[in-house]
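For reference, the chains in residue letters:
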Amino acid sequence: MTDASKGTLITGVIGSDTHIVGNRILSRALEDAGFTVVALGALTPASEFVDAAIETDADAILVSSLYGQGELDCRGFRELCIEAGLEDILLYVGGYLVVGDQPWDSVEERFQQMGFDRVFPPGTRPADVSGPLAEDIAARRAERAET
Amino acid sequence: MALALLIDFGSTYTKLRAVDLADGRVVASAQGPSTVTTDVNEGLDAALANLEGAMGGAGEFAHRLATSSAAGGLKMVTVGLVPDLTAKAARMAALGAGAKLAGTYAFELTDADVAAIVAETPDMILLSGGTDGGNRKVIEHNATMLAASALACPVVVAGNRSSAETVSAGLEAAGKTVIATENVMPRHLELNIGPAREAIRQLFISHIVHAKGIDKARERLDAVLMPTPAAVLKGARLLADGHAGAGGIGPLLVIDIGGATTDVHSICDGEPSQSGVVYHGLPEPYAKRTVEGDLGMRHTARHVVEAAGDAAFTAEAGLSIDEVATLLQRTEDDVEWLVENAHEIAFDRALAATATRLSVTRHAGTLETVYAATGPVTMQRGKDLSEIGCVIGTGGVLVHADDPAAVLTGALAGADAPLSLRPRQPKLMVDADYGLFAAGLLADAAPEAALALARRSLRQLANEEGEISHGATAAH
């Protein structure tokens, strides 16, 4: 991360999911928006998001899932981060997270309870992510500076 | 006739080769005892007297170069952050520089870790951690711990560049010798071990050669350039790639079985050979060396049998379990033991083939099929060695084996590990005149002669079907 960067992000598609196109577009757009992006690509196990975040001292992990198995793949993700010493890292998740026609509110709540700070529905535009992300990172840094 | 004198100060012998610089021919070979513990010159004198005898007079040498594996070799400890990332990159850098690893550490060092490192009395530490601009906390913590320790050896710093100055200053203030160089993993999954390897080599020349007492012979040498395993790796690379784009034999694998350890070197890009396979994880070096500290012919023979399993080993050797037990005891009672009768020869061959199979399996990459929603996807971790053209045995165990082809066959792809990317149909060869070490040593001073030397040393072996090839595949 250079001083000019708005923060270092880890992006990737979790689990046995090969849908990479949307994730590439998102990663590229966030880079253009001034973030440092470490893009892990498709088929990424949860542990590799965490390993990458440790080495790069990342501010946030952005998990994509587009094949309906996201709930299984993301279970225990926050705990994995806590075990690795990343207690206060920002976690975002987005995509087609569950199978079937479930109300978005219940999906969002379920992933928030799993420890994700923000949950994004299908059809999210990159600009919908970069704004909140910059604010959240700035807030975390301010908190850390106080302690 | 312009000659080069190439010397290996080994742990048992001082080995010499006189090489004709015009055509890479070994004019004479000789050896003397290893006398590093007293005065390195004594063994060198004895070896030189033997060489003069073989040459029929004293030679005039245009180059006098040496490697060293004496006095424990180059013993290193590596420290990184995440085990599969910078800690692994640091390990690969040290092994590529010819080191013997006395410990590899990840995450924050504890007091107990530092005590264990000090107790190992390493010759050098390689300290890494964090991508450039990434984690600083852990490498800075580890530097502070090492600075406060009783450790006297030099430290190569090759981590997060944002921390390099802080880390170096802290270690220097505590009186340590430090070389700071580029990060072994500057960006996530970007391997950059060349600069660290070069820093290790510089420190080896400037500090370790003196610390080991080898510099007592300095007036009789141009330089002690590198640890012996680094010369083998360099020689292997020259043999594969050729010089100035010509004369190489292409991707290859080198196996060197010793009494305690087995070294494997691969020279190839290792990228997937089948279409549709996705590479996963930290890339591995083009010239990659691994050392298996638990696989050798004598000191660690019991581990070889244990790792293979009694049933597999007895089947491989054609011996009963009791016979194997008796012979294993012998390897421990007398590490210098040389086999004589047919049973003993079969035992040694099985040990060597098993050490080869296990060490190449650990060196090679693997495939894994993941069932994605869109269908199966094949992922590769590590290097794909399946298309490698030559598997070469070097070192005494393989060169003097009664049936080296049977031993080297252990390196090939097989049903024991179907997802292991070991070589499929390589030529099997031995480095009959110990030419790889010599070629690596001579590679910078006289690359063409060095390449010819390596090629002349190769002998192709009959392959599995029993097709015998000509004796030497030799020179141009």
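Procedures and definitions
Residues numbered from 1 in each chain as written. Chains lettered and ligands numbered in written order. Predicted model: local features only at pLDDT ≥ 70, side-chain atom pairs only at ≥ 80, totals over all residues. Helix = DSSP H or I, 4+ residues; strand = E, 2+ residues; numbered from the N terminus. Rg over C-alpha atoms; globule rule 2.2 N^0.38 Å. Buried ≥ 20, exposed ≤ 12 C-beta atoms within 10 Å, placed from the backbone. Axes fitted to C-alpha atoms, helices over the stretch in contact; angles between N-to-C directions. Parallel < 35°, antiparallel > 145°, perpendicular 65-115°, else oblique. Contact = placed C-beta atoms within 7 Å. Nonpolar A, V, L, I, M, F, W, Y, C, P; charged D, E, K, R; others polar. Expected span 1.5 Å × (residues − 1). Bend = angle between axes of the 7 residues up to and from the residue. Core = buried A, V, L, I, M, F, W, Y, C linked by C-beta atoms within 7 Å. Pairing = 2+ DSSP bridges. pLDDT = per-residue confidence, 0-100. Arc of directions from axis to C-beta.

Novice: Would you explain the overall build of chain B in this entry?
Specialist: For chain B, the helix and strand inventory stands at 15 helices and 21 strands. For 476 residues, the compact-globule estimate of 2.2 N^0.38 gives 23 Å, and the C-alpha radius of gyration of chain B, at 23 Å, lies within 12% of that figure. Each of the three principal axes of chain B carries a C-alpha extent, and together these read 65 × 60 × 50 Å. The buried share of chain B, taken over its 476 residues, is 52%.

Novice: Looking at this model, I keep getting lost on the packing of helix 4 (residues 137-147) of chain B against helix 5 (residues 164-173) of chain B. Mind explaining?
Specialist: Residues and elements named next belong to chain B. Remark: helix 4 packs on helix 5, axes separated minimally by 9 Å, with the N-to-C direction vectors making an angle of 10°. Considering their axes alone, helix 4 and helix 5 lie roughly parallel with respect to each other. Contact with helix 4, carried on its side by Ile139, Glu140, Ala143, Thr144, Leu146 and Ala147, involves Thr166, Val167, Gly170 and Leu171 of helix 5 and no other residues of that element. A breakdown of the residues in the contact of helix 4 with helix 5 according to their chemical character gives six nonpolar, three polar and one charged.

Novice: How should I be thinking about helix 6 (residues 194-211) of chain B in this particular structure?
Specialist: Two residues of an α-helix separated by three or four positions point the same way, owing to the 3.6 residues in each turn. All names here are of chain B. Its 18 residues place the ends of helix 6 24 Å apart at the C-alpha level, agreeing with the 26 Å of an ideal helix rising 1.5 Å per residue. Along helix 6, the sharpest change in direction is near 45° and occurs at phenylalanine 204. Buried within helix 6 are the following residues: Ala196, Arg197, Ala199, Ile200, Leu203, Phe204, Ile208 and Val209. At its buried positions, helix 6 is contacted by strand 4 (61-68), helix 2 (86-96), strand 7 (124-127), strand 8 (155-157), strand 9 (178-180) and strand 10 (223-227). Phi for glycine 213, located one or two positions after helix 6, is positive at around 80°.

Novice: Even after reading the chapter, I still don't get the nonpolar core, so can you show me in this structure?
Specialist: General note: in soluble globular proteins, nonpolar side chains tend to be found buried as a group. Leu126, Val156 and Leu442 of chain B are the most contacted members of the largest nonpolar core, which totals 184 residues. In this view, leucine 442 of chain B contacts Ala4, Leu6, Val19, Leu65, Ala449, Ala450 and Leu453 of chain B; residues no more than four positions away in its chain are not counted.

Novice: I keep staring at the interface of chain A and chain B and nothing clicks. Help me out?
Specialist: How big an interface is tends to be expressed through the accessible area that disappears when the partners come together. Listed per partner, the contact involves 14 residues of chain A and 19 residues of chain B. Top element by residues in the side of chain A that touches chain B is helix 2 (residues 46-56) of chain A. It accounts for five residues. Residues belonging to the side of chain A that touches chain B are distributed by class as follows: six nonpolar, four polar and four charged.

Novice: How should the sheet that holds strand 3 (residues 60-65) of chain A be read in this particular structure?
Specialist: Sheet strands associate in pairs through backbone hydrogen bonding, adopting either a parallel or an antiparallel arrangement. Residues and elements named next belong to chain A. Pairing is parallel in the open sheet, where five strands are placed in the order 2-1-3-4-5. Of all the strands in the sheet, just strand 2 (36-39) and strand 5 (118-120) have a single pairing partner and so form its edges. Strand after strand, the sheet turns through a mean of 20° between neighbouring axes, direction not considered. Where strand 1 (residues 8-13) meets strand 3, five bridges bridge the pair, whose relative direction is parallel. Bridged to isoleucine 10 within strand 3 is isoleucine 61. Where helix 1 (residues 21-32) meets the sheet, it contacts strand 1, strand 2 and strand 3, and its direction lies at approximately 170° from that of strand 1.

Novice: Honestly, the sheet that holds strand 16 (residues 287-292) of chain B in this entry has me stumped. Any pointers?
Specialist: Residues and elements named next belong to chain B. Here six strands make up an open sheet; going across it, the order is 16-14-13-19-20-21 and the pairing mixed. In the strand order of this sheet, the two ends are held by strand 16 and strand 21 (458-460), each with one partner. Mean inter-strand twist for the sheet, computed between neighbouring axes without regard to direction, equals 20°. Here strand 20 (residues 427-431) runs beside strand 21; their pairing, made up of three bridges, is antiparallel.

Novice: When you look at the packing of helix 14 (residues 435-442) of chain B against helix 15 (residues 447-456) of chain B in this model, what are you seeing that I'm missing?
Specialist: Residue and element names in this part refer to chain B. Where helix 14 meets helix 15, the axes come as close as 8 Å, and the angle between the chain directions of the two elements is 175°. Between helix 14 and helix 15, the angle is such that the two are roughly antiparallel. Contact with helix 14, carried on its side by Gly435, Leu436, Ala438, Ala439 and Leu442, involves Ala449, Ala450, Leu451, Leu453, Ala454 and Arg456 of helix 15 and no other residues of that element. Looking at side-chain class alone, the contact of helix 14 with helix 15 contains nine nonpolar, one polar and one charged residues.

Novice: Explain the pairing of strand 17 (residues 366-372) of chain B to me, please; I cannot follow it from the model alone.
Specialist: Each regular strand displays side chains that alternate between the two surfaces of the sheet. All names here are of chain B. Taken together, the seven bridges between strand 17 and strand 18 (residues 375-381) define a ladder with antiparallel strand orientation. Note on strand 18: the bridge partner recorded for valine 370 is valine 377. Remark: two residues form the turn of the hairpin made by strand 17 and strand 18, two consecutive strands paired antiparallel.

Novice: Sorry, what's going on with the environment of threonine 56 of chain A here?
Specialist: By secondary structure assignment, the location of threonine 56 of chain A is in helix 2. Note on threonine 56 of chain A: 25 C-beta atoms within 10 Å, which makes it buried. Along the primary structure threonine 56 of chain A and threonine 36 of chain A are separated by 20 residues, whereas in three dimensions their C-alpha atoms are 10.0 Å apart. Here threonine 56 of chain A is in contact with Thr8 and Val38 of chain A together with Thr131, Gly134 and His188 of chain B, once residues within four sequence places are set aside.

Novice: How should I be thinking about the environment of arginine 422 of chain B in this particular structure?
Specialist: Residue and element names in this part refer to chain B. Mapped onto the fold, arginine 422 is located in the loop between helix 13 (404-408) and strand 20. Judged by C-beta crowding, with 25 C-beta atoms within 10 Å, arginine 422 ranks as buried. With 58 residues separating them along the chain, arginine 422 and alanine 364 place their C-alpha atoms 5.8 Å apart. Not counting the four nearest positions on each side in its chain, arginine 422 is found in contact with Val360, Thr361, Ala364, Leu385, Ser386, Ala411, Leu412 and Ala413.

Novice: Please clarify how unusual backbone geometry should be interpreted in this entry.
Specialist: Negative phi characterises most residues that are not glycine, and trans characterises most peptide bonds. In this model, aspartate 57 of chain A sits at a positive phi of 55°, which is unusual for a non-glycine residue. Looking at the secondary structure, you find aspartate 57 of chain A in the loop between helix 2 and strand 3. The exposure class assigned to aspartate 57 of chain A is buried, which follows from the 21 C-beta atoms found within 10 Å. Residues other than glycine seldom take positive phi values, yet phenylalanine 107 of chain B does so here, at roughly 60°. In this structure, phenylalanine 107 of chain B sits in the loop between strand 6 (100-105) and helix 3 (111-120). A residue is classified by how many C-beta atoms lie within 10 Å of it, and phenylalanine 107 of chain B, with 19 of them, is partly exposed.

Novice: Hey, could you run me through the confidence of the model for chain B in this one?
Specialist: Fine structural detail should not be taken from predicted coordinates in areas where pLDDT scores are low. Residue and element names in this part refer to chain B. Residues of chain B with pLDDT of at least 70 account for 97%, and the chain-wide mean is 93. Predicted confidence is poor over residues 468-476, with pLDDT under 50, and the contacts of this stretch with residues over four places away or in other chains come to 15 contacts. As scored by the predictor, the complex reaches a pTM of 0.92 and an ipTM of 0.87.

Novice: Is there a simple way to think about the environment of serine 420 of chain B in this case?
Specialist: Residues and elements named next belong to chain B. Looking at the secondary structure, you find serine 420 in the loop between helix 13 and strand 20. Along the sequence, serine 420 and alanine 452 sit 32 residues apart, while their C-alpha atoms lie 33 Å from each other. Sequence-distant contacts of serine 420, defined by excluding residues within four places in its chain, comprise Thr361, Ala364, Thr366 and Ala413.

Novice: Just checking my understanding: could you explain helix 10 (residues 321-333) of chain B for this structure?
Specialist: All names here are of chain B. With 13 residues, helix 10 extends 19 Å between its outermost C-alpha atoms, agreeing within 8% with the 18 Å of an ideal straight helix rising 1.5 Å per residue. Listing the buried residues of helix 10 in full gives Val324, Leu327 and Thr331. Looking straight down helix 10, one finds that the buried residues subtend no more than 70° of arc, so they occupy a single side. The exposed set on the far side of helix 10, more than 90 degrees from its buried face, consists of Asp322, Gln329 and Asp333. Summarising the contacts, the buried residues of helix 10 are in contact with helix 8 (301-308), helix 9 (310-317) and helix 11 (342-363).

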